[in-house]
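Summary of structural features
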Amino acid sequence: MLTRVVLATTIGTALEWYGFILFSTMSALVLNRLFFPPGDPVAATLASFATFAVGFAVRPLGALVIGHYGDRLGRRRMLVITLVTVGLASALMGALPTYETAGAWAPALLVVLRVIQGFGAGAEYAGASLTLAEFATPERRGRYAAIPPAGAAVGALLSAGAVAAVAALPPDDFLDWGWRIPFLVTLLVTATGFYIRVSVAESPMFEQAKRERGVARAPAVELARGAPRTLVLGVISSIGPNVAAYIPVVFALAYLTEQLGVSRTVTLVGALIYFACSAAVTPVAGALGDAIGRRMVLGWAMVGAAAFAFPFFWLLDTEKAGYVWFAFGLSGLLLGAQLGAQAGFLADLFTTRTRFSGVALSREVAAALAGGTAPLVAAALLETAGGEPWPVVLYMSMLLLVSALAVALIHGFGRHEQRGEAGRRP
């Protein structure tokens, strides 16, 4: 059953990140051209990034609603719902008409599907990682909780590979129909994931907590009353991984192609390297967290990412493929270290009665505040600075260091971390 749960949770997070990274990559490469009025390319890119941010704005709502029922009805049912919601919304994006054929309806429909996708994604990643954490033994909780984030990186890697494959088509074919293929194939993954998820058992920790203490009537309210500081610090600690993910893989792609004129092939290979490195290090970080503490691994990974912000953009500015790829590779390693430690870290913060709501809200409020908005803010800062990236570096570093400080302020782990229950407040 544990093997089946690993497969079921991983395929869902892979699908979520496949769809979200696919949308983000296409936002920088093609959606800004096809779904918004032609004319000013900067305005079109900003509008495309704004649509990208809309999906994140609705994710806290998905976390609140789905997390509520995940704590009351169980993890398995909600994971089936999130899988279908994210998968269908992603697939339908590939069937949308463009601005040339539908006018203003094109961006409107794109926003609607982005909202639906964001609502489902608001609880997918959190639900998958905490479910595996609850199935695992205490001494292996970190490495199992890190498997869905690793699957997410694999999904993102597949997304970048799919985009690179269709981008190799002649430019006219790519803009006409080629970009639709990576979206449409999500139907197959959704069907497969649905078949697997409906066959897994419920979380044993949830079932035990339900028998012994019952379920929370209003998990979010119980959190706000009983552990407000834990929830706030959980949100702040989750800002760093969002910034570390979406500035390199969304904003930096547009920066390379639009600002520096680097070829699309070089940028997409960079994205592939980024996600491959992230996928490779994520389970290692989870296991390391079991050995030396998730708080230490997560905090130092954030500090490392903050320190690398300036070298990252300096390497991009060389416009040389080798340096660009090295920048993406090291950035991916630092992100993977954060994601691998974060999964078990957040699961440890909350008791079983409120864990789904707590983990989902921590991740998705942070995603709305600093994930979806990061490419938009970075693009605006770049425009204000006349194309110089130094304000983006400061913005990225500051948020990562604030998150690292939040991690440092969360105490009370020790034996509680091994037990998977936050036995005291920070």
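Residues numbered from 1 in each chain as written. Predicted model: local features only at pLDDT ≥ 70, side-chain atom pairs only at ≥ 80, totals over all residues. Heavy atoms only, no water.

In the annotation of an unreviewed UniProt entry, the entry for the protein reads MFS transporter, and the organism field reads Streptomyces violaceus. Listed in UniProt under the heading Subcellular location (unreviewed entry), the comment for the protein reads: "Cell membrane". (UniProt positions renumbered as here; feature names shortened; annotations may be inferred.)

In terms of helices and strands, the protein carries 23 helices and zero strands. Relative to its length of 426 residues, the protein is compact, with a C-alpha radius of gyration of 20 Å against a globular reference of 22 Å. When its C-alpha atoms are laid out on the principal axes, the protein stretches across 60 × 40 × 35 Å. Going through the 426 residues of the protein one by one, you find that 60% of them count as buried. (Helix = DSSP H or I, 4+ residues; strand = E, 2+ residues; numbered from the N terminus. Rg over C-alpha atoms; globule rule 2.2 N^0.38 Å. Buried < 20%, exposed > 50% of the residue type's maximum accessible area, 1.4 Å probe, protein only.)

What follows concerns the pattern of salt bridges. With the rule as written, the count across this model stands at 12 salt bridges. For Glu 16, the salt bridge is made with Arg 59, and the minimal N-O distance between the two is 3.5 Å. Highlighted residues: Glu 16 in helix α1 (residues 2-34) and Arg 59 in helix α3 (residues 59-73), separated in sequence by 43 residues. For the pair Glu 16 and Arg 59, a shared accessibility class is recorded, and that class is buried. (Salt bridge = Lys/Arg side-chain N within 4 Å of Asp/Glu carboxyl O.)

This part covers the environment of Leu 339. Looking at where Leu 339 falls in the secondary structure, it is placed in helix α19 (residues 321-349). Note on Leu 339: relative accessible area 2%, which makes it buried. Along the chain, Leu 339 and Ile 66 lie 273 residues apart, while their C-alpha atoms are 22 Å from each other.

Glancing now at the packing of helix α16 (residues 264-292) against helix α17 (residues 294-307). Between α16 and α17, the least distance of the axes is 6 Å, while the angle of their chain directions is 130°. With respect to α17, the element α16 is oriented oblique. Residue-level contacts link Ala 285, Leu 288, Gly 289, Asp 290 and Ile 292 of α16 to Arg 294, Met 296 and Val 297 of α17. Tallied by class, the residues present in the contact of α16 with α17 amount to five nonpolar, one polar and two charged. (Axes fitted to C-alpha atoms, helices over the stretch in contact; angles between N-to-C directions. Parallel < 35°, antiparallel > 145°, perpendicular 65-115°, else oblique. Contact = heavy atoms within 4.5 Å. Nonpolar A, V, L, I, M, F, W, Y, C, P; charged D, E, K, R; others polar.)

With 94% of its residues at a pLDDT of at least 70, the protein reaches an overall mean of 88. Confidence, expressed as mean pLDDT per element, reaches its minimum in the protein at helix α23 (residues 414-419) with 36 and its maximum at α17 with 96. Across residues 413-426, confidence stays below pLDDT 50; counting only partners more than four residues off in sequence or on other chains, it has 43 contacts. (pLDDT = per-residue confidence, 0-100.)

Within the largest apolar cluster, 83 residues are counted, with the highest numbers of intra-cluster contacts made by Met 26 and Leu 316. Ranked by residue count, the leading element in this core is helix α15 (residues 239-259), at 14 residues. With residues up to four places along the chain from it excluded, the contact list for Met 26 reads Leu 31, Asn 32, Val 163, Val 166, Phe 174, Trp 179, Pro 182 and Phe 183. Leu 298, Met 302, Ala 337 and Ala 360 belong to the second-largest nonpolar core, a separate cluster that totals 28 residues. (Core = buried A, V, L, I, M, F, W, Y, C linked by side-chain atoms within 4.5 Å.)

Per the counting criterion, the structure on display carries 12 aromatic pairs. Judged by centre distance (5.6 Å) and plane angle (90°), the ring pair of Phe 312 and Phe 328 falls under edge-to-face. Linking Phe 312 in helix α18 (residues 309-317) with Phe 328 in helix α19, this pair joins segments that are 16 residues apart in sequence. Assessed through its relative accessible area of 2%, Phe 312 is described here as buried. By relative accessible area, which is 0% here, Phe 328 ends up buried. Among the aromatic residues, those joined into a ring-pair cluster are Phe 251, Tyr 255, Tyr 274, Phe 275, Phe 308, Phe 312, Phe 313 and Phe 328. The cationic tip of Arg 363 hangs over the ring face of Tyr 125; the distance from NZ or CZ to the ring centre is 3.6 Å. (Phe/Tyr/Trp six-rings, centres within 6.5 Å; stacked < 30°, edge-to-face > 60°. Lys NZ or Arg CZ within 6 Å of the ring centre and 35° of its normal.)

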